[in-house]
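This is what each chain is made of:
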Amino acid sequence: MIPRITVLTIGVDDLERSLKFYRDGLQLHTEGIVGKEFEHGAVAFFDLHNGLKLAIWNRKSIAHDTKLDQSAPSPTEFPIGHNVFSKDEVDSIMEQAKNAGAIITVPAHDTFWGGYSGYFQDPDGHLWEVVWNPQWDDFE
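No experiment lies behind these values; they were computed from the predicted model shown.

Novice: For this particular structure, what's the right way to read the overall build of the protein?
Specialist: Secondary structure summary: the protein contains three helices and eight strands in total. For the protein, the α and β elements follow one another from N to C terminus as β-α-β-β-β-α-β-α-β-β-β. Relative to the compact-globule value of 14 Å for 140 residues, the protein shows a C-alpha radius of gyration of 16 Å, a close match. Taken along its principal axes, the extent of the C-alpha atoms in the protein is 45 × 35 × 30 Å.

Okay, here's the thing in structure tokens:
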């Protein structure tokens, strides 16, 4: 397999609420919700880095599309890491997330491995780690 991951899709319970959190709160660029004309098609895509996109899609629609039963979500199943260039940037993004309505689960702190990170949950409980790693400076 050639690794061509282009979209990370997270299931949400309220598409409009999640759109507001990511677009207005975290200021991620999006064209808004598309696919409303389809019964299970409403989705929003956010531009990330190097062509990667984040998609938010209703959990019920994902269950329908995959033909799987919808189960209870667990925030620890798939944390999303957001690497930044400094401790100050970690602090700034954590504050931005908090102001957008995120739940801060672990405030920003020095880590045991020499970095600096904090965790927050979006309105649907998805776990994000904002992290500065002094060993990683080539992720641009």
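Novice: How do you make sense of a nonpolar patch on the surface when you look at a structure like this?
Specialist: A cluster of nonpolar side chains, namely V7, V34 and F45, defines an oily patch on the protein surface of about 200 Å² accessible area. Here V7 shows up in strand β1 (residues 7-12). The class of V7 is partly exposed, set by a relative accessible area of 34%.

Novice: Would you explain the side chain of H126 in this entry?
Specialist: Secondary-structure assignment places H126 in the loop between β7 (116-121) and β8 (127-132). The class of H126 is buried, set by a relative accessible area of 16%. Side-chain polar atoms of H126 contact the backbone oxygen of G11, separated by 2.6 Å. Not counting residues within four places of it along the chain, the set of residues in contact with H126 comprises I10, G11, V12, R59, F120 and Q121.

Novice: Where do I start with the side chain of S117 in this structure?
Specialist: With respect to the element layout, S117 can be found in strand β7. A relative accessible area of 2% means that S117 is categorised as buried. Of the polar contacts made by the side chain of S117, one reaches the side chain of E129; its length is 3.3 Å. Once residues within four sequence positions are removed from consideration, S117 is found in contact with V90, P107, A108, H109, T111, E129, V130 and V131.

Novice: Would you take a moment to explain the pattern of salt bridges for this structure?
Specialist: Counted under the stated rule, the structure contains six salt bridges. Between D13 and R59 there is a salt bridge whose closest N-O contact spans 3.1 Å. Here the residue D13 occupies a position in the loop between β1 and α1 (15-25), and R59 occupies one in helix α2 (residues 59-66), the gap between them amounting to 46 residues. We classify R59 as buried; its relative accessible area is 12%. Between D47 and K53 there is a salt bridge; the shortest N-O distance is 2.4 Å.

Novice: What's the story with the sheet that holds β1 in this structure? I'm lost.
Specialist: Adjacent strands of a sheet form backbone hydrogen bonds with each other and so pair up, either parallel or antiparallel. Strands sit in the order β1-β4-β3-β2 across an open sheet of four strands; the sheet is mixed. Strands with a single pairing partner mark the edges of an open sheet, and in this sheet they are β1 and β2 (30-34). Going from strand to strand, the sheet's axes swing by 20 degrees on average, the running direction of each strand aside. Helix-sheet contacts for α2 involve β1 and β4 (53-58), and the interaxial angle to β4 is about 90 degrees.

The rules behind the values
Per chain, residues are indexed from 1 in the order of the written sequence. Only residues with pLDDT of at least 70 are given local features in this predicted model, and only at 80 or more are side-chain atom pairs given and counted; all residues enter the totals for whole chains, interfaces and linings. To obtain the side-chain values, all non-hydrogen atoms of the structure were included, while hydrogens and water were left out. A run of H or I in DSSP counts as a helix once it spans at least four residues, and a run of E counts as a strand once it spans at least two, with each numbered from the N terminus. Based on C-alpha atoms, the radius of gyration is set beside the globule rule, defined as 2.2 Å times the residue count to the power 0.38. A patch consists of residues exposed above 30% relative accessible area that lack any salt bridge, with like charges linked at up to 9 Å and nonpolar side chains (Val, Leu, Ile, Met, Phe, Trp, Tyr) linked at up to 5 Å. For accessible areas, the Shrake-Rupley method is used with a probe of radius 1.4 Å. Any residue's cover is judged against the shown protein chains and nothing else. The working definition used for a salt bridge is a side-chain nitrogen of Lys or Arg within 4 Å of a carboxyl oxygen of Asp or Glu. The buried label applies to any residue whose accessible area, calculated with a 1.4 Å probe on protein chains only, is under 20% of its type's maximum; exposed applies above 50%, and partly exposed to all values in between. Any N or O atom pair separated by 3.5 Å or less is treated as a polar contact, with the protein-specific requirement of one donor-capable and one acceptor-capable atom, and with residues adjacent in sequence counted only for side-chain atom pairs. Whether two residues are in contact is decided by their heavy atoms: any pair within 4.5 Å suffices. Criterion used throughout: strands pair if DSSP finds at least two bridges between them. Under this scheme, a helix contributes an axis fitted over its contacting stretch, all axes are lines through C-alpha atoms, and angles between N-to-C directions fall in the 0 to 180 degree range.

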